[in-house]
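Residue-level structure breakdown
Each chain, written out:
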Amino acid sequence: MSLLSPSRRLRETPFSAGVKAAGVKAYTVYNRMLLPTVFDDVERDYHHLKNHVQVWDVSVERQVELIGPDASKLMQLLTPRDLTKMQEDQCYYVPIVDQKGRMLNDPVALKHSETRWWISIADSDLLLWVKGLAIGMGLDVDVFEPDVAPLAVQGPRSGQLMERIFGATVHDIRFFRQKRLSFGDTSFIVARSGYSKQGGFEIYVEDRRYAMPLWNALFEAGQDLHVRAGCPNLIERIESGLLSYGNDMSMENTPFECGLDKFCNAPETVDFIGKESLRIEAETGPSRKIRAVAIGGAPVSATTTAWPLFRGGQTVGQITSAAWSPDFQTNVAIAMVESGSWDAGTEMMADTPEGQRTATVQTGFWT
Ligand code: THG
């Protein structure tokens, strides 16, 4: 693949100057914005993430803001997850489904108040769905993309680094909770969350003028902690079973297929789009499910298409993401596997670009 031609349609981020100065080697495009994928190389980035602390430009996690008297009603219509008990300092991972119960996005919802929400979206144009719904349902709510750019601080030393910028109060923030903390003459929402299982925080930077000052402050404060620029790491996120919308699931899949059952807990009294379809699927159960799969042999290349999985001459699923894991000394993968083949220990054959390989269903992800 050759270089991406720059234009206004392919958005840079408020941290792009820092990302370039840090020597970014490759990007992907996510929500029509640049997302770094490699700094040193994917394996060295992985070891560094698991041992130290990294600062990630995840501006591509765009916010869809809901503001107005009907904001909470609209938010609940969007997801099968029960929001009735959600506190104003909580963040929820929420499946968003259409009327057939098919996945449209898998964002993190952040509740500011009953009348104001952010939806921190994965890679699909959720803004259009939410705006259309608000208008179609005649709801009293504004829906727009605010000037917010999340910056993630991830890794085992993330608490130490964050304390130096925001104070010891960062340690009081529990998993998927948030707090507004001051920085210079402003303040940011800081959440204990992020797209890795190495621990960490996400800072929702409001007003792009504060982006580089925050970036520089983190790098100055973290020199002795070996802080580096990083990005969501392919190997680590597969080991951790963090799903990627557009890779591991799409509009074809239901949340049950994606293993998101526990986030489909709205009671009968709550109305949301797709309720009837999901009620039916909850009874019958899905016909395929996401599974952790180990692929035998030497390191495989990246999945630019799904790799078919076979068993006894029949297609029984597909591998959607794969990478060589240095820590587990096997190729780790995420697959969508048909019923009858999804039990742990089931052996299949995978058609990879490197030829046929064995693919074994694991009991769970590598965490
Ligand atoms: N943080 C924020 N926005 C995001 C992401 C993020 N938007 C895009 C993308 N990532 C959305 N997808 C995910 C997928 C997984 C998780 C978060 C967002 C995640 N899952 C945990 C897990 O599966 O174990 C925790 C889920 C839970 O228990 O609630 O963190 O990363 N701001």
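Summarised in this report is the structure supplied together with it.

What counts, and at which threshold
- Residues numbered from 1 in each chain as written.
- Predicted model: local features only at pLDDT ≥ 70, side-chain atom pairs only at ≥ 80, totals over all residues.
- Heavy atoms only, no water.
- Helix = DSSP H or I, 4+ residues; strand = E, 2+ residues; numbered from the N terminus.
- Rg over C-alpha atoms; globule rule 2.2 N^0.38 Å.
- Buried < 20%, exposed > 50% of the residue type's maximum accessible area, 1.4 Å probe, protein only.
- Contact = heavy atoms within 4.5 Å.
- Areas by Shrake-Rupley, 256 points an atom, 1.4 Å probe, with all protein chains shown as cover.
- Near = heavy atom within 4 Å.
- Polar contact = N/O pair within 3.5 Å; in protein donor to acceptor, adjacent residues only side chain to side chain.
- Nonpolar A, V, L, I, M, F, W, Y, C, P; charged D, E, K, R; others polar.
- Phe/Tyr/Trp six-rings, centres within 6.5 Å; stacked < 30°, edge-to-face > 60°.
- Lys NZ or Arg CZ within 6 Å of the ring centre and 35° of its normal.
- Core = buried A, V, L, I, M, F, W, Y, C linked by side-chain atoms within 4.5 Å.
- Pairing = 2+ DSSP bridges.
- Axes fitted to C-alpha atoms, helices over the stretch in contact; angles between N-to-C directions.
- Parallel < 35°, antiparallel > 145°, perpendicular 65-115°, else oblique.
- Left-handed = near helix turned anticlockwise from the far one by under 90°.

1. Brief notes about the overall build of the protein
When you go through the protein residue by residue, the secondary structure sums to eight helices and 21 strands. Its C-alpha radius of gyration of 21 Å places the protein within 12% of the 21 Å reference for a compact globule of 367 residues. Seen through its principal axes, the protein has C-alpha atoms that stretch 65 × 50 × 40 Å. Taking all 367 residues of the protein together, 56% fall into the buried category. Expressed as a percentage of contacts within the protein between residues at least 6 apart in sequence, the contacts between residues at least 24 apart total 66%. When the accessible surface of the protein is summed, it comes to about 16300 Å², and 50% of that surface belongs to carbon and sulfur atoms.

2. Some remarks on the site of the ligand
Taken together, the neighbourhood of the ligand is formed by 17 residues, with D106, S120, K197, E202 and Y204 sitting nearest. For the ligand, a nitrogen atom lies 3.3 Å from a polar atom in the backbone of I121. Considered on its own, the ligand offers 650 Å² of accessible surface; in the complex 87% of this is hidden by protein. Residue classes in the shell around the ligand are distributed as eleven nonpolar, two polar and four charged.

3. A few points about helix α3 (residues 71-78)
Counting buried positions over the eight residues of α3 gives seven, a clear majority of the element. Every buried residue of α3 is listed here: A71, S72, L74, M75, Q76, L77 and L78.

4. Here we look at the packing of aromatic side chains
Per the stated rule, a full pass over the model turns up nine aromatic pairs. Their ring planes at 35° and their centres at 5.7 Å tell us that W118 and Y204 sit as a pair that is tilted. With W118 in strand β9 (residues 116-120) and Y204 in strand β14 (residues 200-206), this pair connects stretches of sequence that are 86 residues apart. The same class applies to W118 as to Y204, namely buried. Ring geometry for F175 against F176: centres 4.7 Å apart, planes inclined by 55°, an arrangement best described as tilted. Taking the relative accessible area as the measure of exposure, F175 reaches 65% and is therefore exposed. Classification of F176 as buried rests on a relative accessible area of 19%. Aromatic rings pair up to connect F166, F183, F188 and Y210 into one cluster. One cation-aromatic arrangement involves R81 over Y92; the distance from NZ or CZ to the ring centre is 3.8 Å. Note that K289 overlies the ring of W342, its terminal NZ or CZ placed 4.6 Å from the centroid.

5. Side note on the nonpolar core
Counting residues in each nonpolar core, the largest one holds 44 residues, and the members touching the most others are M103, Y204, L243, M249, C258 and L260. If we skip the residues at most four places from it in the chain, C258 touches M103, L243, M249, N253 and I290. Residues V53, F166, I203 and C231 belong to the second largest nonpolar core, which totals 33 residues.

6. A short note on the sheet that holds strand β5 (residues 91-93)
The sheet built from five strands is open, its strands ordered β5-β8-β9-β4-β10 with antiparallel pairing. Whereas interior strands pair on both sides, the edge strands pair on one side only; in this sheet they are β5 and β10 (142-144). Direction aside, the axes of adjacent strands within the sheet are offset by 20° on average. In this structure, strand β4 (residues 63-67) lies alongside β10, joined through three bridges in antiparallel fashion. From the neighbouring strand, E65 faces β10, where its bridge partner is F144. Contacts between α3 and the sheet are confined to β4, β8 (108-113), β9 and β10, with β9 contributing the most and set at about 30° to the helix. Sheet strands touched by helix α4 (residues 126-136): β4, β9 and β10. Its angle to β10, the strand with the most contacts, is close to 165°.

7. What about the pairing of strand β2 (residues 33-38)?
Here β2 lies mainly inside the structure; five of its six residues are buried. Bridge count for strand β1 (residues 26-30) against β2 is five bridges, and the pairing is antiparallel. Paired with V29 across the strands is L34, a residue of β2.

8. Considering the sheet that holds strand β12 (residues 178-183)
Pairing in this open sheet of six strands is mixed, and the strands run β12-β13-β14-β11-β3-β15 from one edge to the other. Among the strands making up the open sheet, the edge pair consists of β12 and β15 (228-230). When the angles between neighbouring strand axes are averaged without regard to direction, this sheet yields 30°. Relative to β14, strand β11 (residues 148-154) runs antiparallel, the two sharing seven bridges. Pairing of P150 across the sheet is with Y204, part of β14. This element, helix α5 (residues 158-166), spans β3 (54-57), β11, β12, β13 (186-191) and β14 of the sheet and lies at about 35° to β14.

9. What about the packing of α5 against helix α6 (residues 211-221)?
Axis separation between α5 and α6 bottoms out at 9 Å; the angle between their running directions is 120°. One element, α5, and the other, α6, form an angle in the oblique class. Considering how the two elements wind past one another, α5 and α6 form a crossing that is right-handed. Counted together, L161, M162, R164, I165 and F166 of α5 and L214, A217, L218 and A221 of α6 form the full contact between these two elements.

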